[in-house]
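What follows is the residue order along each chain.
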Amino acid sequence: MHCLVISERQEDLEFVSRLNTLNGFSLHSNLTFSEMRTFLFNHPRTIVFLNGDNQEHSESIAQVLSDTIPASRVFVITDKQLNSYPHLFRYATFGHHLYRRYEDPATTVYLKLM
């Protein structure tokens, strides 16, 4: 199984890396749009973690995600409540919302969601 992190935030990458180590998933990050599209097309069961705080970034990625992977496999991560991010509702890109709170028991809970 594969996991893709689409975030410029180090704490996101570190947290998802811990989840992947415990699950035995392969971690991928820092892909270009073209690489991301190809990767997701070739690995449709990939779980994606997307930073939803950055409006421009998340909107530009939304089309790639909606064209290549089911929303049920996409987790959007934010600092605030979901209703604080109206840009995320413009696209049916994600099926799960996670608050960016990584202290325990977050690892145990998020492992069950994956």
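Remember, predicted model here, so these are calculated numbers, not experimental data.

Cut-offs applied
- Residues numbered from 1 in each chain as written.
- Predicted model: local features only at pLDDT ≥ 70, side-chain atom pairs only at ≥ 80, totals over all residues.
- Heavy atoms only, no water.
- Helix = DSSP H or I, 4+ residues; strand = E, 2+ residues; numbered from the N terminus.
- Rg over C-alpha atoms; globule rule 2.2 N^0.38 Å.
- Buried < 20%, exposed > 50% of the residue type's maximum accessible area, 1.4 Å probe, protein only.
- Contact = heavy atoms within 4.5 Å.
- Areas by Shrake-Rupley, 256 points an atom, 1.4 Å probe, with all protein chains shown as cover.
- Phe/Tyr/Trp six-rings, centres within 6.5 Å; stacked < 30°, edge-to-face > 60°.
- Lys NZ or Arg CZ within 6 Å of the ring centre and 35° of its normal.
- Pairing = 2+ DSSP bridges.
- Salt bridge = Lys/Arg side-chain N within 4 Å of Asp/Glu carboxyl O.

Caption draft 1: Just the overall build of the protein chain, in detail. Helices and strands together make up the secondary structure of the protein chain, namely four helices and five strands. Listing the helices and strands of the protein chain from first to last along the sequence gives β-α-β-α-β-α-β-β-α. A compact globule built from 114 residues would reach a C-alpha radius of gyration of about 13 Å, and the protein chain, at 13 Å, matches this within 12%. Counting over 114 residues, the protein chain shows a buried share of 40%. The long-range share in the protein chain, meaning contacts at least 24 apart out of those at least 6 apart in sequence, stands at 65%. For the protein chain, the accessible surface area stands at approximately 6,200 Å², while carbon and sulfur atoms represent 51% of it.

Caption draft 2: Representation of the packing of aromatic side chains within the structure. Applying the stated criterion to the full structure yields three aromatic pairs. Ring geometry for Phe-15 versus Tyr-102: centroids 4.2 Å apart, planes at 10°, classification stacked. Of the two residues, Phe-15 is situated in helix 1 (residues 10-23) and Tyr-102 in the loop between strand 5 (96-99) and helix 4 (106-113); the sequence distance between them amounts to 87 residues. Residue classification places Phe-15 among the buried positions, given a relative accessible area of 2%. For Arg-101, the ring lying beneath its charged end belongs to Tyr-99, and the centroid distance is 4.5 Å.

Caption draft 3: Representation of the pairing of strand 3 (residues 47-51) in the model. Burial analysis of strand 3 places five of its five residues in the buried class, which makes it a mostly covered element. Side chains Ile-47, Phe-49 and Asn-51 of strand 3 all project onto a buried face; the interleaved residues Val-48 and Leu-50 project onto the opposite face, where all are buried too. Summarising the sheet, strand 1 (residues 2-6) and strand 3 pair through four bridges and their orientation is parallel. Directly across from Ile-6, in strand 3, lies its bridge partner Leu-50.

Caption draft 4: Quick look at the pattern of salt bridges. For the structure shown, the criterion picks out eight salt bridges. A salt bridge links Asp-67 to Arg-37; the nearest nitrogen and oxygen atoms lie 3.7 Å apart. Of the two residues, Asp-67 sits in helix 3 (residues 55-68) while Arg-37 sits in helix 2 (residues 33-42), which places them 30 residues apart along the sequence. Take Asp-67: its relative accessible area is 48%, and that puts it in the partly exposed class. Here Asp-79 and Arg-100 are joined by a salt bridge, their closest N and O atoms 3.0 Å apart. With a gap of 21 residues between them, Asp-79 in the loop between strand 4 (74-78) and strand 5 and Arg-100 in the loop between strand 5 and helix 4 connect regions that are remote in the sequence. Relative accessible area serves as the criterion here: at 36%, Asp-79 is assigned to the partly exposed category. Put simply, Arg-9, Glu-11, Asp-12, Asp-53, Asp-79 and Arg-100 are held in one network by salt bridges that share partners.

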